[in-house]
Amino acid sequence: MTQTLEAPKVKVDRKWQLWIGGKFQDGASERTLINPADGKPLCKVAEADKKQTEAAIKAARKAFDEGPWPRMTALERAQFLFKLADKIDEHAEELAELETLNGGKPLREAKYDMGDAANCFRYYAGLVTKPTGQAIDVPAPSITTVVREPIGVCAQIIPWNYPLLMGAWKLAPALAAGNCCILKPSEYTPLTAVRLAEILQELELPEGVVNIVLGDGPTVGNTLAESKLVDKVAFTGSVRTGKAVAAAALGNLKKVTLELGGKSPMVVFSDFDVDTAVDYALFAIYCNSGQVCSAGSRLLVEEPMYDKFVKKFVERAKHIKVGPGMDPETEMGPLVNETQMKRVLEYIEIGQKEGAKLEAGGDQPKGEKYGKGFYVNPTVFTNVKQDMRIVQEEIFGPVVVVQKFKTEEEAIQFANDSDFGLAGAVFSNDVTRAHRVVKALKAGITWVNAYHNTYNECPWGGYKQSGWGRELGTFGLEAYTEVKQININLDPQPVGWFEKK
């Protein structure tokens, strides 16, 4: 790459504050964010303590119990969300640059995420005004209806791999339904959440309807999960942290949605075009440097195609252009932080010790342009066994294992031999077989002859330890509502259950 990095147009050397009860305020402490592309300090952001987190919860509680938002019509809330989507589009360039500088992903990926986030708000703005509920045919003179109402105060804890998009996935259905929220972005990538707060303030969102609280999990996240003033907690992140959130939420039996990890298989049959399969497989694992919960981190390839597939896949993986996200030629950026980089490098070392064959990568790119950034080259392992840690555990980086299978039954067995069940794909020209195998996969999100297609209209979530519940689609809206039956007696008469004296 000889092209000069694009100079960011966005200003990061500014105040990044908490947003509580409709007001910006300093935190109890500060955190220095590091640019993943070069390892240099990027900016300082405010962080909340327990007291400030509790203040945000109380602000949301007051907004829900006394404020106008839950009492607005669905159309009024929808109109606001449409305006918000337009504002995200208006600031898309700025927001994308913030995510690239803050999280490291290539600018082209960040721009796509901004469009997807805006469209998520539009989807729920449209959905919430559509007919809902049920009218039940019960004996006269009663009439019975079933309605959905907002849950109340929702704590939403989002990860660092898709900061604004994950915020949209949670805020859009929650707000559409009439809830009030406390959003906790990752402590590593909070910048677009703060900019979203500024946009919401500009649009005059009523005070306390959304609160943005920056800080770490043990302080902010745990306070949110434990609070008896919070009615629902929605979490996206690791299995370990998800279990801790669920345990903390038991205090008042609040509603819980968990979108956790994955170790997703991509099954390739030998009747499929090898070059097309390789192209999809590269996208499945190396998009966003493998920091995707649904990443295709296990490639299961039928024996007749296996050798040819591995040769072509390794050759193309070695030619992926790794570099800073602001470089327009970059195809894969750095990992989000030093901790994640070390974790990935540790797994690569584990794989080699387990006896897997390292076909590509396994190291860091060298050169002045990488500075002290958190890079790991696209990595490929072959000769793996089912009980290896690199086959069973989520690495969350640009590391893939390629396995050989002989029969359809063996492919299904390998694919389902996992604690996770988030996503999976099947590639075959035999539509009957592809449909049969994809139905056999124990996963919540599946594709045939495709990978990573994500739609706001479709449910997102997994089986087994990949989580509880679903986000997106109509399921995502329902997850932010309570179901109530209303029985009305049109001709009240004495019941006569007990004899009159």
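Residues numbered from 1 in each chain as written. Predicted model: local features only at pLDDT ≥ 70, side-chain atom pairs only at ≥ 80, totals over all residues. Heavy atoms only, no water.

### Here we look at the pairing of strand 3 (residues 29–34)
Okay, step 1: Pairing analysis gives six bridges linking strand 3 to strand 4 (residues 41–47), with the strands arranged antiparallel. Note that in strand 4 the partner of isoleucine 34 across the bridge is proline 41.
Okay, step 2: What sits between strand 3 and strand 4 in their antiparallel hairpin is a turn of six residues, with glycine 39 showing a positive phi close to 75°. (Pairing = 2+ DSSP bridges. Helix = DSSP H or I, 4+ residues; strand = E, 2+ residues; numbered from the N terminus.)

### A look at the pattern of salt bridges
Okay, step 1: The full count for this structure, using the stated rule, is 28 salt bridges.
Okay, step 2: A salt bridge links glutamate 90 to lysine 87, with the nearest nitrogen and oxygen atoms 3.6 Å apart. Note that glutamate 90 and lysine 87 are positioned in helix 2 (residues 74–90) at a spacing of three residues, about one turn of the helix.
Okay, step 3: Across the pair arginine 122 and aspartate 89 runs a salt bridge, and its minimum N-O distance is 2.5 Å. One end of the pair, arginine 122, is in helix 4 (residues 107–127); the other, aspartate 89, is in helix 2, and 33 residues separate them in sequence.
Okay, step 4: Overall, aspartate 89 belongs to the partly exposed group, its relative accessible area being 36%. (Salt bridge = Lys/Arg side-chain N within 4 Å of Asp/Glu carboxyl O. Buried < 20%, exposed > 50% of the residue type's maximum accessible area, 1.4 Å probe, protein only.)

### Let's talk about the sheet that holds strand 6 (residues 142–150)
Okay, step 1: The strand order 5-6-22 describes an open sheet built from three strands, whose pairing is antiparallel. Bordering the open sheet on either side are strand 5 (134–136) and strand 22 (481–489), each of which pairs with just one other strand. When strand polarity is set aside, the average angle formed by the axes of neighbouring strands in this sheet is 25°.
Okay, step 2: With nine bridges joining them, strand 6 and strand 22 adopt antiparallel strand pairing. Looking across to strand 22, one finds that valine 146 is bridged to glutamine 485. (Axes fitted to C-alpha atoms, helices over the stretch in contact; angles between N-to-C directions.)

### Side note on a nonpolar patch on the surface
Okay, step 1: On the surface, a nonpolar cluster with roughly 330 Å² of combined accessible area is contributed by Ile143, Ile486, Ile488 and Leu490.
Okay, step 2: Its place among the elements puts isoleucine 486 in strand 22. (Patch = residues over 30% accessible without salt bridge, like charges linked within 9 Å, V, L, I, M, F, W, Y side chains within 5 Å. Areas by Shrake-Rupley, 256 points an atom, 1.4 Å probe, with all protein chains shown as cover.)

### Looking at the nonpolar core
Okay, step 1: Ranked by size, the top nonpolar core spans 141 residues in total, and within it Tyr286, Phe309 and Phe313 carry the most contacts.
Okay, step 2: Apart from residues lying up to four places away in sequence, tyrosine 286 is in contact with Phe313, Ala317, Ile320, Met332, Pro378, Thr379, Val380, Pro398, Val399 and Val400.
Okay, step 3: One finds Met341, Phe374, Met388 and Val401 within the second-largest nonpolar core, a separate group that totals 17 residues. (Core = buried A, V, L, I, M, F, W, Y, C linked by side-chain atoms within 4.5 Å. Contact = heavy atoms within 4.5 Å.)

### Topic: the sheet that holds strand 12 (residues 265–268)
Okay, step 1: Read from one edge to the other, the open sheet built from seven strands follows the order 14-15-16-13-12-18-19, with strand pairing classed as mixed. The two strands at the open ends of the sheet, each matched to only one other strand, are strand 14 (357–360) and strand 19 (445–448). Taken over all neighbouring pairs, the strand axes of this sheet differ in orientation by 20° on average, direction set aside.
Okay, step 2: With four bridges connecting them, strand 18 (residues 423–427) and strand 19 associate as parallel partners. Its bridge partner being in strand 19, alanine 425 is matched across the sheet by tryptophan 447.

### With respect to the state of the cysteines
Okay, step 1: One pass over the structure, following the stated rule, counts zero disulfides.
Okay, step 2: No disulfide involves cysteine 154; its sulfur sits 5.1 Å from the nearest other cysteine sulfur, which is in cysteine 181.
Okay, step 3: With a relative accessible area of 0%, cysteine 181 lands in the buried category. (Disulfide = S-S within 2.5 Å.)

### Considering the packing of aromatic side chains
Okay, step 1: Summed over the entire model, instances satisfying the criterion amount to twelve aromatic pairs.
Okay, step 2: Summarising the aromatic geometry, the rings of tryptophan 160 and phenylalanine 396 are spaced 5.4 Å apart at their centres and angled 80° between planes, so their arrangement reads as edge-to-face. Here the residue tryptophan 160 occupies a position in the loop between strand 7 (153–157) and helix 5 (163–177), and phenylalanine 396 occupies one in the loop between helix 12 (389–392) and strand 16 (399–405), the gap between them amounting to 236 residues. When sorted by exposure, tryptophan 160 lands in the same class as phenylalanine 396, which is buried.
Okay, step 3: Ring centres of tryptophan 169 and tryptophan 460 lie 5.4 Å apart, and the angle between their planes is 65°; on these two criteria the pair is classed as edge-to-face. In this pair, tryptophan 169 is assigned in helix 5 and tryptophan 460 in the loop between strand 19 and strand 20 (463–464), connecting sequence segments 291 residues apart.
Okay, step 4: Owing to a relative accessible area of 6%, tryptophan 460 belongs among the buried residues under this scheme. (Phe/Tyr/Trp six-rings, centres within 6.5 Å; stacked < 30°, edge-to-face > 60°.)

### Remarks on helix 2
Okay, step 1: With 17 residues, helix 2 should cover 24 Å at 1.5 Å per step; its first-to-last C-alpha distance of 24 Å lies within 8% of that length.
Okay, step 2: Those residues of helix 2 that sit buried are Arg77, Ala78, Phe80, Leu81, Leu84, Ala85, Lys87 and Ile88.
Okay, step 3: Looking at the buried residues of helix 2, the elements they touch are helix 3 (92–103), helix 4, helix 5 and helix 6 (191–202). (Expected span 1.5 Å × (residues − 1).)

### Observations concerning the side chain of threonine 144
Okay, step 1: Turning to its location among the elements, threonine 144 is positioned in strand 6.
Okay, step 2: Taking relative accessible area as the criterion, threonine 144 reaches 8% and is therefore assigned buried.
Okay, step 3: In this structure threonine 144 touches Gln134, Ala135, Ile136, Val138, Ile486 and Asn487, once residues within four positions along its chain are discounted.

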